[in-house]
Amino acid sequence: MADPILEVKNLHVHFETHDGTAEVINGIDFSIDRGETAALVGETGCGKSVTVKSIMGLLPSATIPEGEIRYKGEDVLSLSDAERHSRRGKEMSMIMQDPMTSLNPVLTVGEQMMDVLKWQGRPRLSLSKLVRDALSTGAKAEHRKRAIEMLGEVEISAPERVFESYPVELSGGMRQRVLIAIALLSEPDLLIADEPGTALDVTTEAKVLDLLDELVEERDTSVLYITHDLGVAREVSDRINVMYAGEIVEQAPTVDLFANPQHPYTRGLLESIPTLSTGIGDGIEGHLPDYTNPPAGCRFADRCPHAEAACHEAYPYPRRTGPDHATACHLFDGLPARERHESLAADPVDIGTAPWLAGGGDAPGDISADGGTDQ
Amino acid sequence: MSYVDYLVRRAIHSVPVIFGLSVLIFLISRVIPGDPVRLALGPEATEQQVATLRAEMGLDQPLPMQYADWLFGVVQGDWGMSLRTNNNVFSDIVARLPATLELTVVTLFFAVLLAIPFGVVAGTNKDRWQDHLSRITALFGVSMPRFWVAIVLQIVFVVSLGLLPLSGRLSDGVAPPPAVTNLYLVDSLIAGQFGTFLDAATHLLLPTVALGLATLAQVMRLIRSDMIDEQRKDYVLAARAYGLPNTLIEYKYMLQNAFTSSLTVVGLAFGFLLGNAFLVEIVFAWPGMARYGVQAILYQDFNAIVGVTIVVGIGFVTANFVVDLLYGYLDPRVRLEEG
Amino acid sequence: MSTKTSLPFFDTESAARKERIRQLKRGFRTFAGNKLSLVGLAMILTLVVAALLAPYIAPFPEHAGAGVYFDQASEPPSATHLMGTDTTGRDIFSRVLFGARLSLLMSGIVLSIAISIGVTLGLIAGYLGGTTNTVIMRVTDIFLAIPPTLLAMAVVAATGASLFNVMVAIAFSWWSWYARLVQGEVLSIKEDEFIESSRALGSGWVRTTFKEILPNVVSPITVKATLDMGFVILVGAGLSFLGLGAQPPTPTWGAMIAQGRNYVTSFWWIAVFPGLAISFAVLGFNFIGDGLRDVLDVEVD
Amino acid sequence: MNDSAYTTESTAAAQRDRDLDDPMVTVENLKKHFPLFEGIFQKKAGEVRAVDGVSFSIAEGETFGLVGESGSGKTTTGRSMLRLTEPTSGRVEIDGQNVVDLSDGELKRFRRNMQIVHQDPASSLNPRHRVKSIIEAPLKIHDYGDSEARLERVEELLDMVDLPREFMYRYPGQLSGGQKQRVGIARAVALNPKFVVLDEPTSALDVSVQARIINILEEIQEEFGITYLFITHDLSLLKNVADRIGVMYLGRLVEVGDVDSVFGSPQHPYSRALLSAISTISEEDELAKPDRITLDGEVPDPREKPSGCAFRSRCAHEFDACAVEEPELYERGPDQVARCFLHDDRFEEGAEWE
Amino acid sequence: QGTQQTETTEGSSGGDSTTTEQTSDGGSGASGGNDFHFVAGQVFGTLDPAEQVDYTQGLAAQNLYDELITVDAETLQPTAHIAESWDTEDEGKTWVFTVRDDVTFSDGTPLTADDVAYSLTRMLELQRGYSSFWLDYLDPSNITVRDERTVAFEFNQAYGPALATFVQFYIVNSTVVQENETDGDYGNAYLQNNSAGSGAYVLDNWEQGNSIEASAYEDYWKGWSEDSFDTFRSTVITEESTIKTTMQQGEGDMTDQYMGTQAYAEMDSYANVRVPEVPQLQLFHFPLNCQKAPTDDINVRKAIAYAFDYDSAVNDIIGGGVVAAGPVPREMAGHNGDLVPMEQDLDKAKEFLDKADYSVDEINEIGLEHVVVAGTELQRQMGLLNQAGLSELGIDLEINPLQWARLTDRATSAESTAHMTNIFHTAKMPSPDSHTYLMYHPSSFGSYISQSWYSTDEIAATLEEARQTSDLQSRLEKYEEAQALIVEGMPSVYIANPPYRIGINENVEGWQYRGVMSFDWDVHSMTRSGEGRAK
Ligand SMILES: Nc1ncnc2c1ncn2[C@@H]1O[C@H](COP(=O)(O)OP(=O)(O)OP(=O)(O)O)[C@@H](O)[C@H]1O
Ligand SMILES: Nc1ncnc2c1ncn2[C@@H]1O[C@H](COP(=O)(O)OP(=O)(O)OP(=O)(O)O)[C@@H](O)[C@H]1O
Ligand SMILES: [Mg+2]
Ligand SMILES: [Mg+2]
Ligand code: NI
């Protein structure tokens, strides 16, 4: 971790709801190096979108009581609105999760793309300039060409038509690709992609992933890729962060994670992947805990097949289980991954070792996936 | 449906509207109590005089006959005689409409021009001082009657400060520009008389403010409310994520969505002001149609009432039509309906 | 399968009622969380209480009835006459208090009628479109164009002059604004996907318009309605001057302002204080309206 | 439920004997063309043939999978079948009823039998309604019991889609993407309709939740004999849930067939390309799927469909005849048809397959 | 002198090449020449003198045309004008007028007896305006031109008020008007937009509803003085506040008399405006409807009259003038001086009420209605004052503001006429006839003036006799007799003879009150001392 472009340290995010304060994000830490692609995976509702929106500063209704978000070494949380805004776009950009609602319904796709090309990174813009621009033709042709090119690159057939279309006239996958195209137009240093492939068919998704790859290669862009498709995560990412209920429960390089999944939740997740050969499995029983009244101990304990009474009481701080592998589970022993947990580590909770390890061999016992090849 | 189809259809539909309006107004103008004939002739008039004039005007005929006669006249450009002016109502209106039109259009233009930034600023600074300032202005705009505002403006800007002219469309001694549209601002520019243009503009200033405050208030508050709605929309957040300038986000991404209700009110205000500018016209001695219309109502000048109401009706129909077109233009989701 | 785990903290029995109460409480908390709306509520309550208790708290309750007091005419505000006296010597403060009654009642009634008619027709026209829209909107055009004064005169001629008839008459020319406003909003909302989902469920237009669309158009309605409170009072004044509506000596704010019209330079207080009373009421309603807006605007949560 | 219902080939095969002679849903030559407008005067300037003559049928209690390139018209097919957009032409028969002919009133009542889970979870939920009233809506519309009964049903549905009951009083804005999607599913199945269009119903769900939701859907299918049209791009998932599948390309079905046949031996070049792109996490799967075929070449514009075979511009096997006429659906097995000249006896010489 | 001067720019060196129409600083309004600016509070209806009835129309007629007979400012009696002398024949049935020989119309043609005959025929045929004065008594065929300067009108009975009525008879240029007749309209359409008279000013421009502009006729028969006004202009400004400001800013020379009391007080306080106050031939009263319960009972009427506070009305509301004594204004020749003004006396009021056929409860049951003209403060206050007085008797009074059109409409029948209605009644000719015959003769019923619906055979006979008496003195005696009879029946609460007040720019001289509406706005008789208007 020589040169992290983004470091998130002990981030907490709370929402005020009528049932009380929802502690949605509960002290997460992770970082992304320059040119690295990190994946954030986890159950729906575990707080992935909230995490990245906090990074972007797009959560006006949330409070961040604690934590640090360092972008290129600078704590963005302490910046003013305007300064923060100036970091968006060219520096960090985002592909929003919901393709329909993230496109302005009253502007054509082209208009929205051109705006990004034209205005991005200009912090101040006077009204008169805006009006003057609307009346002039200026560098439009060039921008138009670039935008249409980009639409073509995200595999949109008939990019000219889509350029002239309003979002309602597009299919779900097309909208999503438009969002991707817009984010790519700005060629940011850090790209956050919130489930960008959900609405895409596999061939298209594959193409888009290639495109991202290219971007990473050429511009040394860092990507934070949110997905629930572990297959995709495996394909695109260098590192994977597995999130559960507002906490990161396992962090490891991709190869490592697939070779040696540790947290029971990660294992459950891998098990549930539908495969051509083995079926879709059952998923993991139970729900996410109530964020307004989260358990004091392990947030996964209620659903964990290996949980013991102690799991419900003691907070399972993330611990090092390998050179670059951290897991937040009492089944594992190890030094705390973060300094702030040292006091907890002094008094470890012992609920034994993981059964699949206890068997002695390194063959995983209860999951269907074994280490895949790294692509 | 294409705009051209829509235009044609809408034009066809306004025929029954105007027809219906004329029937209704014709009826109302005859139902409301009062005898315009007697009023026109003065108190000393004899029964016979009254009867003669009544017959002359066809008022002794049954209502449907009267209406038919009137309609027949209208088709030929004869809108009937005004009892108060003894002129053809049509020419009366033609003489007065430009003044009101000029006032109304300029008022709306400035009301909207100011309401947009005020509304946007209030909306994006909800519950901060900008919002409160806008609220207080709005409040003043709607709870103080126009005439009161007008008089206070006169006292401040004419009597105390001596900055602006008191009344009328032009100063004494300034000849109206050569008539083309009879909108002095336009005509003076056409004729290249900039002195006259300035004079006309200074005369417009106070009436415009007095007349436009309420519209400004409504539009401003509606924009504010819609801007607040917009703020949480995903596409606005997305636009922020792309690092677009705030001004662009506010005035393009949010405003265009937020403008529907304000647009409606602006359209309606046009028609409304056309017929209701009278209090301001009266205070500023503005020789407009609204004043004529109110006089017509007070003196129950049948034909003038019907004439003015129809012109105002046409104003409403046109404004609403333009608004509907703009809906379609500003929001592609809105399909043009044959409405 | 074991998905049907019922959660221990959730009691199904009478949950509906409990939830409704909770919901109300939540709504109130949002409302109360907004200080301005509380201020607004306090202002309007003050007015209502003042209106109800006018006979007891007005320093000169008799000044709201028949009587002339020329010996104290046109006095500027003083300790005795907080807001001065009018040209007939009546205490403006007392009359403002009494005036709250009719003024508030009138704008309340007029707006409720106008809003119910206008919003309903606007929703129907906007949602159904086609011929229905054409017919409703063209009729709306007609009503927009008819001067309220004229309509009021006609209604009164047909039904007799009573305050109630006049209010109905004003409401009859007022609804068209709401119809138009709502129709415009509906046009853009009805293309939203959630409306289509509602159709997909088989809901008829009544349900779709009132249950699905209406909640999404309330904010412009509230904004316009709160501002209209003042307008209606002023229009009412115009009509009472034509002998329609509240008659002297009964005070209404609008009529009081209108009476002060010719004294702006000499006795400014005659028009200013009733005007401030209207401002006060409109401000109060506006605060409440904005508060309600926030309660309804769930995304603000 | 039988946890292994879809994990072994044998069960899947056992279910295949459903009665296709008396199908629950029949679509015949369905077309939907969207007009395009241009310029400030909104002149009509051509049309997008989003769905251009689609026919298939689904047996009762069966799941028909629809896959295809993004923008190929899957959603539009589903929506036209339910008349959420008026189809340009064609016939859609559901439960013996020609849906296209229904009057507005009849249609409204008939909607009890056919439901849809929208592709876009966020925009299909009214932002000003609480989850409870969203799920309750179909119950109210079709007069399901009293308020107590409805409440009970809502709770049942929330349990079913794995959402905590407290979510009943949340607004969509407070939910995550996957939570919204589940609300949409709960709403669609609330009345146990006969036919449900599931338009990428689990795209926003992580695999574990997806697995549970799919299981539930199959469970109620079993119980109530519900017929599904399952639109998705997740082929691994489709392989597991569908009985038969159709592959769409540019508004047309290019291959229809039994799921195992199609996956086992795709008969259209596009199907092959599609299957080759499945991302996998296991070695086993990696071997099972065809080698990755990358599709190059111009993607045609749905406004100006090319002559002949729509896929030819990207097809590795293109030959002269492809440009001349459009291939029909050729029978390729007991329950498998494909729209490719490679299977036409006339062109045996030109065809190079495998 | 007399011609409209081309606009010159005061104090401007005039080197501007682009615009020729420089104005002196905005709003001062002083254009070149001596310009008289009348600020009218009401819209002009018509310019045809045969149609004029209201004061703005009167203003136009006064300045653009000449009347046959005018009013003497001192005696307020008819006096020679275009007619330099007259005579009656046939026991007062035929009136013979001799026309001056030095009068020319604005086109230079001399005014002759033919013009007079044509103008009167025109009025009788058009049947508009004041033609009602003669319609019942004079047939057009009985108008004869005896020679170039003599014209005779043969009425069908002796018609005493004839001379007085001819003050409202303006003479038009028969040649010009006849040339411009269309469809037998007697040139009515033409005279809407043109003047064809012998008056001191000639119409330049008329924007109906906004302004009227006229310039001096050089050869006006009365001649011109050095300080006379070159142009005369009237603009319509209806808002009191704006009128006041216009006067205060020195932009107007004269206002009308119809604003609120307070407005005149305010204008009086401006340094550059004076507000003369003179007695006026006007009656303010409320007629009591004598044909409608409960005011059909004389005791009720008396009770109402005694309950009214006349002092407050005159001092606090009108702010001047005198309490009226009977229907005829006190300053008018023919006013019965024996009549005493009323005074408030609640005891007497109660006494009469006790004697009445109706009890207080019955009266309240029926509901007493007092109609006031909508929109004016004075009228409203009168209503309130009456309400306050009657409430002392326990009577509830309903004040009902009506717009003028409605009011005149209701006056057409006794059933629809309110119990009492505020009425200002100004003399339109110098004769008590208008305050007696027009109010209390059954043939006059149905107009807003006659809302008492009260007459007796005796009153009717006396009034008819008066009309037929040609001798002025004995005619006036008859009218006095009639007044005494009328007052006995208490058909009206006669409140006041308000003073006449207008605002005049300090340096306008020569203004004189002349008893008949609009006659004091004869611009020719006025001059300006000093440059421009006083500010
Ligand atoms: N505005 C809000 N108020 C209250 N709770 C919220 C709000 N926004 C999100 N949440 C809650 O926070 C949790 C995390 O939401 P988030 O959108 O981050 O999930 P996610 O991991 O992105 O899930 P998905 O994969 O379904 O998109 C959810 O349980 C959601 O209900
Ligand atoms: N309202 C519309 N107006 C015009 N064109 C439309 C409209 N809706 C869809 N289309 C077009 O129809 C085609 C098919 O769209 P559809 O939504 O059916 O695709 P899809 O197969 O569902 O794709 P995806 O997998 O991306 O959701 C697309 O080209 C789209 O642009
Ligand atoms: Mg998310
Ligand atoms: Mg789709
Ligand atoms: Ni199970």
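Residues numbered from 1 in each chain as written. Chains lettered and ligands numbered in written order. Predicted model: local features only at pLDDT ≥ 70, side-chain atom pairs only at ≥ 80, totals over all residues. Heavy atoms only, no water.

Visitor: I tried to follow the UniProt feature "domain: ABC transmembrane type-1" (unreviewed entry) in chain B on my own but got confused; where do I start?
Guide: Those places that UniProt annotates as "domain: ABC transmembrane type-1" (unreviewed entry) correspond, in this numbering, to residues 97–327 of chain B. Taken as a whole, residues 97–327 of chain B contains 80% helix and 0% strand, while its terminal C-alpha atoms sit 28 Å from one another. (UniProt positions renumbered as here; feature names shortened; annotations may be inferred. Helix = DSSP H or I, 4+ residues; strand = E, 2+ residues; numbered from the N terminus.)

Visitor: Help me understand the site of ligand 1 in this model?
Guide: With respect to spatial proximity, 22 residues lie near ligand 1, and among them A:Thr44, A:Gly45, A:Lys48, A:Ser49 and D:Gly178 are the closest. Per-site note: the chains with residues close to ligand 1 are chains A and D. Note that an oxygen atom of ligand 1 is positioned 2.8 Å from one of the side-chain N or O atoms of A:Gln97. A distance of 3.0 Å is found between an oxygen atom of ligand 1 and a side-chain nitrogen or oxygen belonging to A:Glu195. When ligand 1 sits alone it has 630 Å² of accessible area, and the protein chains cover 94% of it. (Near = heavy atom within 4 Å. Polar contact = N/O pair within 3.5 Å; in protein donor to acceptor, adjacent residues only side chain to side chain. Areas by Shrake-Rupley, 256 points an atom, 1.4 Å probe, with all protein chains shown as cover.)

Visitor: Would you mind going over the packing of helix H9 (residues 298–307) of chain E against helix H11 (residues 346–355) of chain E with me for this structure?
Guide: A pair of packed helices is captured by two measures, namely the crossing angle of their axes and the spacing between those axes. Residues and elements named next belong to chain E. In the contact formed by H9 and H11, the axes pass within 8 Å of each other and the chain directions differ by 165°. What the angle tells us is that H9 and H11 run roughly antiparallel. Here H9 runs over H11; the crossing is left-handed. Facing H9, whose interface residues are Asn 299, Lys 302, Ala 303, Tyr 306 and Ala 307, H11 presents Leu 346, Lys 348, Ala 349, Phe 352, Leu 353 and Lys 355. Considered class by class, the residues forming the contact of H9 with H11 number seven nonpolar, one polar and three charged. (Axes fitted to C-alpha atoms, helices over the stretch in contact; angles between N-to-C directions. Parallel < 35°, antiparallel > 145°, perpendicular 65-115°, else oblique. Left-handed = near helix turned anticlockwise from the far one by under 90°. Contact = heavy atoms within 4.5 Å. Nonpolar A, V, L, I, M, F, W, Y, C, P; charged D, E, K, R; others polar.)

Visitor: For this particular structure, what's the right way to read the arrangement of the chains?
Guide: The two units chain A and chain E are non-contacting; their minimal C-alpha-C-alpha distance is 31 Å. Here chain D and chain E are not in contact; the least distance found between their C-alpha atoms is 41 Å.

Visitor: Please clarify how a nonpolar patch on the surface should be interpreted in this entry.
Guide: Residues and elements named next belong to chain C. Residues Val 48, Val 49, Leu 52, Leu 53, Tyr 56 and Ile 57 make up a contiguous nonpolar surface patch of about 600 Å² in total accessible area. Elements that contribute at least two residues to the nonpolar patch include exactly helix H2 (35–52) and helix H3 (54–57). No other element matches the three residues that H2 contributes to the nonpolar patch. Tracing the backbone through its elements, the reader meets Val 49 in helix H2. Overall, Val 49 belongs to the partly exposed group, its relative accessible area being 43%. (Patch = residues over 30% accessible without salt bridge, like charges linked within 9 Å, V, L, I, M, F, W, Y side chains within 5 Å. Salt bridge = Lys/Arg side-chain N within 4 Å of Asp/Glu carboxyl O. Buried < 20%, exposed > 50% of the residue type's maximum accessible area, 1.4 Å probe, protein only.)

Visitor: For this particular structure, what's the right way to read the pairing of strand E7 (residues 195–199) of chain D?
Guide: Side chains on a regular strand alternate between the two faces of the sheet. Residues and elements named next belong to chain D. With five of five residues buried, E7 lies mostly within the body of the structure. Where strand E6 (residues 114–117) and E7 come together, four bridges link them in parallel fashion. Pairing of Met 114 across the sheet is with Phe 195, part of E7. Bridge count between E7 and strand E8 (residues 227–231): five bridges; the pairing is parallel. Paired with Leu 198 across the two strands is Phe 230, which belongs to E8. Note on the crossover from E7 through helix H7 (residues 207–224) to E8: the handedness is right-handed. (Pairing = 2+ DSSP bridges. Right-handed = clockwise from strand over helix to strand, strands pointing away.)

Visitor: What is the right way to read the environment of A:Leu58 from this model?
Guide: Relative to the assigned elements, A:Leu58 resides in the loop between helix H1 (48–56) and strand E4 (62–71). In sequence terms A:Leu58 and A:Met174 are 116 residues apart; their C-alpha atoms lie 24 Å from each other. Setting aside its immediate chain neighbours within four residues, A:Leu58 contacts A:Lys53, A:Arg88, B:Leu237, B:Arg240 and B:Ala241.

Visitor: Sorry, what's going on with the sheet that holds strand E6 (residues 94–99) of chain E here?
Guide: Strand pairing in a sheet relies on backbone hydrogen bonds, with the paired strands running either antiparallel or parallel. Residues and elements named next belong to chain E. The strand order across the open sheet formed by four strands is E5-E6-E8-E7, and the pairing between neighbours is antiparallel. Every other strand in the sheet has two partners, leaving strand E5 (83–89) and strand E7 (138–147) as the edge strands with one partner each. Within this sheet the neighbouring strands show an average axis-to-axis angle of 20°, counted without direction. Two elements, E5 and E6, share six bridges in a ladder whose sense is antiparallel. By the bridge assignment for E6, Glu 89 is matched with Thr 94.

Visitor: Teacher, can you tell me more about the nonpolar core here?
Guide: With 286 residues, the main nonpolar core has A:Leu6 and C:Trp253 as its most contacted residues. Ranked by residues supplied to this core, first place goes to helix H7 (residues 163–189) of chain C with 15 residues. Built from parts of two domains, this core gets at least three residues from each of domain 1 (4–239) and domain 2 (281–369) of chain A. In contact with A:Leu6, other than residues within four places in its own chain, are A:Phe30, A:Ser31, A:Ile32, A:Ile55, A:Ile69, A:Arg70, A:Tyr71 and A:Leu190. E:Leu111, E:Ala117, E:Leu135 and E:Met517 belong to the second-largest nonpolar core, a separate cluster that totals 116 residues. (Core = buried A, V, L, I, M, F, W, Y, C linked by side-chain atoms within 4.5 Å. Domains from an automatic or database assignment.)

Visitor: I keep staring at the coordination of the magnesium ion (ligand 4) and nothing clicks. Help me out?
Guide: Residues and elements named next belong to chain D. Coordination of the magnesium ion (ligand 4) by the protein is provided by Thr 75 (OG1) and Gln 119 (OE1), with metal-donor distances spanning 1.7 to 2.2 Å. You can see Thr 75 sitting in helix H2 (residues 74–81) and its partner Gln 119 sitting in the loop between E6 and helix H4 (131–141), a full 44 residues away along the chain. On the basis of relative accessibility, which here comes to 22%, the residue Thr 75 falls in the partly exposed class. According to the relative accessible area criterion, Gln 119 is buried, its value standing at 14%. (Donors = N, O, S within 2.8 Å, 3.2 Å for Na, K, Ca; no water.)

Visitor: What should I look at first to understand the site of ligand 2 in this one?
Guide: Around ligand 2, 19 residues are found, and the nearest of them are A:Glu169, A:Gly173, D:Lys74, D:Thr75 and D:Thr76. At ligand 2, the nearby residues belong to more than one chain, namely chains A and D. Take A:Gly173: an N or O atom from its main chain is 2.5 Å from an oxygen atom of ligand 2. Interatomic distance of 3.3 Å between a backbone N/O atom of D:Ser72 and an oxygen atom of ligand 2. Relative to its free-state accessible area of 640 Å², ligand 2 is covered by the protein chains to the extent of 92%. Of all the secondary-structure elements, those providing two or more residues to the shell around ligand 2 are helix H7 (172–185) of chain A together with H2 of chain D.

Visitor: Explain the state of the cysteines to me, please; I cannot follow it from the model alone.
Guide: Residue and element names in this part refer to chain A. A complete count under the given rule lists zero disulfides over all chains for this structure. Cys 311 takes part in no disulfide bond, and the closest cysteine sulfur, belonging to Cys 298, lies 5.9 Å away. There is no disulfide at Cys 329, and the cysteine sulfur nearest it, in Cys 304, is 5.9 Å away. (Disulfide = S-S within 2.5 Å.)

Visitor: Where do I start with helix H12 (residues 260–276) of chain B in this structure?
Guide: One full turn of an α-helix is made of 3.6 residues, so residues set three or four places apart face in the same direction. Here H12(B) spans 24 Å end to end across 17 residues, near enough to the 24 Å set by a 1.5 Å rise per residue. Most of H12(B) sits inside the fold, with 15 of its 17 residues counted as buried. (Expected span 1.5 Å × (residues − 1).)

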